[in-house]
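Secondary and tertiary structure notes
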Amino acid sequence: MAQNDWKIAACLNGQSPVDSKGAPMHEAPVEEWSRVFEDVASEGFKYLELSDGWLKPSLLTSARKKEFLQAAEQTGIKIPSVHIQRASVIQPGLEKENLAYAHEAMEAAAELGVEVFSTGLHQPLTDAQKRAFWFWTAQGAKDPRNDPQTWKKAVSSIRELGKHAESLGMKMSLELYEDTYLGTAQSAVDFIQDVNLPNVGLNPDVGNLIRLHRPVEDWRMLYEMTLPYATYWHLKNYQRDEAPDRSWCVSLPSTLRDGIINYREVTQRAIELGYDGVFVCEHYGGDVLGVTGENARYLTKLLDRAKSRVES
Amino acid sequence: MAQNDWKIAACLNGQSPVDSKGAPMHEAPVEEWSRVFEDVASEGFKYLELSDGWLKPSLLTSARKKEFLQAAEQTGIKIPSVHIQRASVIQPGLEKENLAYAHEAMEAAAELGVEVFSTGLHQPLTDAQKRAFWFWTAQGAKDPRNDPQTWKKAVSSIRELGKHAESLGMKMSLELYEDTYLGTAQSAVDFIQDVNLPNVGLNPDVGNLIRLHRPVEDWRMLYEMTLPYATYWHLKNYQRDEAPDRSWCVSLPSTLRDGIINYREVTQRAIELGYDGVFVCEHYGGDVLGVTGENARYLTKLLDRAKSRVES
Amino acid sequence: MAQNDWKIAACLNGQSPVDSKGAPMHEAPVEEWSRVFEDVASEGFKYLELSDGWLKPSLLTSARKKEFLQAAEQTGIKIPSVHIQRASVIQPGLEKENLAYAHEAMEAAAELGVEVFSTGLHQPLTDAQKRAFWFWTAQGAKDPRNDPQTWKKAVSSIRELGKHAESLGMKMSLELYEDTYLGTAQSAVDFIQDVNLPNVGLNPDVGNLIRLHRPVEDWRMLYEMTLPYATYWHLKNYQRDEAPDRSWCVSLPSTLRDGIINYREVTQRAIELGYDGVFVCEHYGGDVLGVTGENARYLTKLLDRAKSRVES
């Protein structure tokens, strides 16, 4: 089997947003960045998603951006994507501020030479989410339903960002996330069709949805509907149990292989559809790097197999 | 350590019962069968349980059966067993029909040259089971308790099938399954003793029982009582938690190694008892093939070890 | 990377406390001991924690102790520690008896040449714990709160044992355990400071606490406070989910990598703090040896990495 260079990227969920002296990572010395890159590389990763939950790229000067990329390169790490989270362009009262931030982050992303600008419509964690053992078990912010005004506003702001991305030669991607306009398969497809730009698509992060403590849409249907629009992809998995009367739902983070989503089937479908973007191994809790390293090896096997089946 | 050729078989739980054009698998072209065989072989399996949940062998003509076996052989796969499920010989109203179907399936199994005909007394999923997230969390059909008439009917129909199997040189096996006459250790042993045929035994599929959302029998006792009667074996495992007051039970599919059943101990016991039949790696949810492939490698290690301990 | 000989020890949770003829393990023939040592060695372990849940070392004569050590040595197994459990020196009515037993066990441990004597303040399982699916889901014995008399008694008895250990050239370690004076981070630190002996420290068995069916302290804080006092270490992990209103908690035994504690981070911290003691891989349920063997391989990787980072 030919060696394929899949763009399988590590996430930075397990990494501290402050350095060993308590400074935010954008102010950290190069050595502290290098430590993280070495960590990620030690698990076999060659790609890394730069998330603003770890370091805000817009806060780096051009000189610092170069240092950042050099440090990454020296450890064999490439940065194919920037991910901006919980800064929704329709967050009540912060619409303009968040839109401006997204534009800035996009400029920074372009300077870093990434191919995808990833974001979504999810908002900062509510107090209930911060108190919860896992944030997804508590209720977060909700985009208003049956509110054509807000929907239109969301579409137009995302279009504006999408055109900006286009002008910079980047793809843009919007993450599936509960209770946002990207919270169900149908709503996400409707939204992306309304945005209607060739470079803007979905991030079918189905793991966000199947972990909820409530009845959830079927992962197979979710992927079937959203994969055709994928421009980026967060992959994670969960095990799950439910009382038959739905009085409780339990979900637990798992490896990609051991959860309820069949990634063998889903990656096959993605390759058939011609998906050739980034695969981000996401995970929450415990040794994120250890689990996602295992996931990357598993995913490589699945993708090699899917490719050879599609080609045969 | 000598290389032992354990008969470790893949199950087909993860495979679609229709081909890429929507036709039932018994009507599928050989290439579609081969794809499944290649899939299974890619995870290292040399054996495969043919389940009628995937393809009904009685619907294949003799010519098609030959094609089927040739396709399997070309990918290095052998078929040691046919498994007929949810067609109980005491399903109310369908006793005769299901018995006739079992006879037909057995004839087909013999033509395919298998060594074991596997079945049970479980019935089709109820509507509640179909709606449930995992079918085993909802109530299924129950064999009537304290009903000597139905028990006798079950015993006599299974005896009839057992004699048929004997005449074809096959073993027959009955799966432990909740709320059937094979639903507790004692009832299963009583039943098999009443059937009283040398070629008919149990399939100690203890995983079926320990995953229930209710107090369950101890897996160690279940195996201790039923392994001596084993003629076939579905192996799967679950993690489990319970409220101490039993107000809820949670169970999650796991790898063989990571669940509550200690398969190191249980396989040791089986080898001590002289079990030399098929080991079917079963699993539900997610990447069944990936998980069972891992399980097969784990199981091989355990069996090699158990054999060398018994021989030493 | 240099090959480091970390003292990673197997636990004996999965092993029967009686031999194949039903005799207690201290009366078992050498061959039966050897079987257990071979078992443990087959998963790559070179160290073993001798727990009195499996064999009470104080019941071995000196001659038998030599046989025991010889059998271990012949299978490549060393015994760095003796662990005495559920014999609290403040168990109501058994204070003197348990203290005397601890002294005896300590003498036996010294004769076996171990470096650590490990114990705690937890008491025998209650009936509710024995009935529960997992013992930790039911309420166990509680050390009396706001009872300076009992606290002092505990401190003085442990000091007495600690001095005994010191005279024998051994370290001593006390296990974190819920509802004892070692049941929260602060209480455990207070207790060990009151004991105030250089050779007596904590066993930061945080797994004992994060598996409870009630709100639990944060594992990161627990380790941050207790690791500086570590003289021994039981490592195990759990996955966990909670209702956001805390009406239920679920916890499931997991591999070290796959649970909520980030052992990559925690082992890094331990090495930074200069921890150079024994690492005991503990686990409950299922194939304990299989899971802990995997954990030992994972842990070796983490420790090698942590050491090279600290040295660089």
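See above for the structure.
Residues numbered from 1 in each chain as written. Chains lettered and ligands numbered in written order. Predicted model: local features only at pLDDT ≥ 70, side-chain atom pairs only at ≥ 80, totals over all residues.

The helix and strand tally for chain A stands at 10 helices and 10 strands. Taking 2.2 N^0.38 as the reference for a compact globule, 312 residues should give roughly 20 Å; the C-alpha atoms of chain A span a radius of gyration of 19 Å, in line with that estimate. With respect to the principal axes defined by its C-alpha atoms, chain A has extents near 55 × 50 × 40 Å. The 312 residues of chain A split such that 49% are buried. The contacts of chain A with a sequence gap of at least 6 include a subset with a gap of at least 24, amounting to 76%. (Helix = DSSP H or I, 4+ residues; strand = E, 2+ residues; numbered from the N terminus. Rg over C-alpha atoms; globule rule 2.2 N^0.38 Å. Buried ≥ 20, exposed ≤ 12 C-beta atoms within 10 Å, placed from the backbone. Contact = placed C-beta atoms within 7 Å.)

Think of it as a corkscrew move, a rotation about one axis and a shift along it, taking one chain copy to the other. Once turned by 120° and shifted 0.0 Å along the axis, chain C lies on chain A with an RMSD of 0.0 Å. Expressed as an axis order, the relation between the two copies is that of a three-fold axis. Considering only C-alpha atoms, the part of chain C nearest the rotation axis is C:Val250, at 4.6 Å. Looking at chain C, a mere 12% of its interface residues are interface residues in chain A too, so the copies touch through different faces. (Least-squares fit on C-alpha atoms with pLDDT ≥ 70 in both.)

Okay, the packing of helix H3 (residues 95–111) of chain B against helix H5 (residues 148–167) of chain B next. Residues and elements named next belong to chain B. Close contact between H3 and H5 brings their axes to 10 Å; oriented N to C, the two are set at 15°. The angle between H3 and H5 falls in the class roughly parallel. Taken as a pair, H3 and H5 cross one another with a handedness that is right-handed. Taken together, the residues of H5 that come into contact with H3 (itself represented by Leu99, Ala102, His103 and Met106) are Ser157, Leu161, His164 and Ala165. A per-class count over the contact of H3 with H5 returns five nonpolar, three polar and no charged. (Axes fitted to C-alpha atoms, helices over the stretch in contact; angles between N-to-C directions. Parallel < 35°, antiparallel > 145°, perpendicular 65-115°, else oblique. Left-handed = near helix turned anticlockwise from the far one by under 90°. Nonpolar A, V, L, I, M, F, W, Y, C, P; charged D, E, K, R; others polar.)

Moving on to the nonpolar core. Core analysis: the largest hydrophobic core is formed by 262 residues, its most contacted members being A:Ala9, A:Leu299, B:Ala9, B:Leu299, C:Ala9 and C:Leu299. Residue contacts for C:Leu299: discarding those within four places in its chain leaves C:Ile8, C:Leu235, C:Leu256, C:Phe279 and C:Cys281. (Core = buried A, V, L, I, M, F, W, Y, C linked by C-beta atoms within 7 Å.)

Here we come to the interface of chain C and chain A. Counting residues at the interface gives 17 residues for chain C, matched by 19 residues for chain A. The dominant element in the side of chain C that touches chain A, judged by the number of residues it contributes, is strand E8 (residues 237–242) of chain C, at four residues. Split by residue class, the side of chain C that touches chain A holds seven nonpolar, three polar and seven charged.

So, about the interface of chain B and chain C. Counting residues at the interface gives 17 residues for chain B and 19 residues for chain C. Per element, the largest residue contribution to the side of chain B that touches chain C is four residues, and it comes from strand E8 (residues 237–242) of chain B. For the side of chain B that touches chain C, the class distribution of residues is seven nonpolar, three polar and seven charged.

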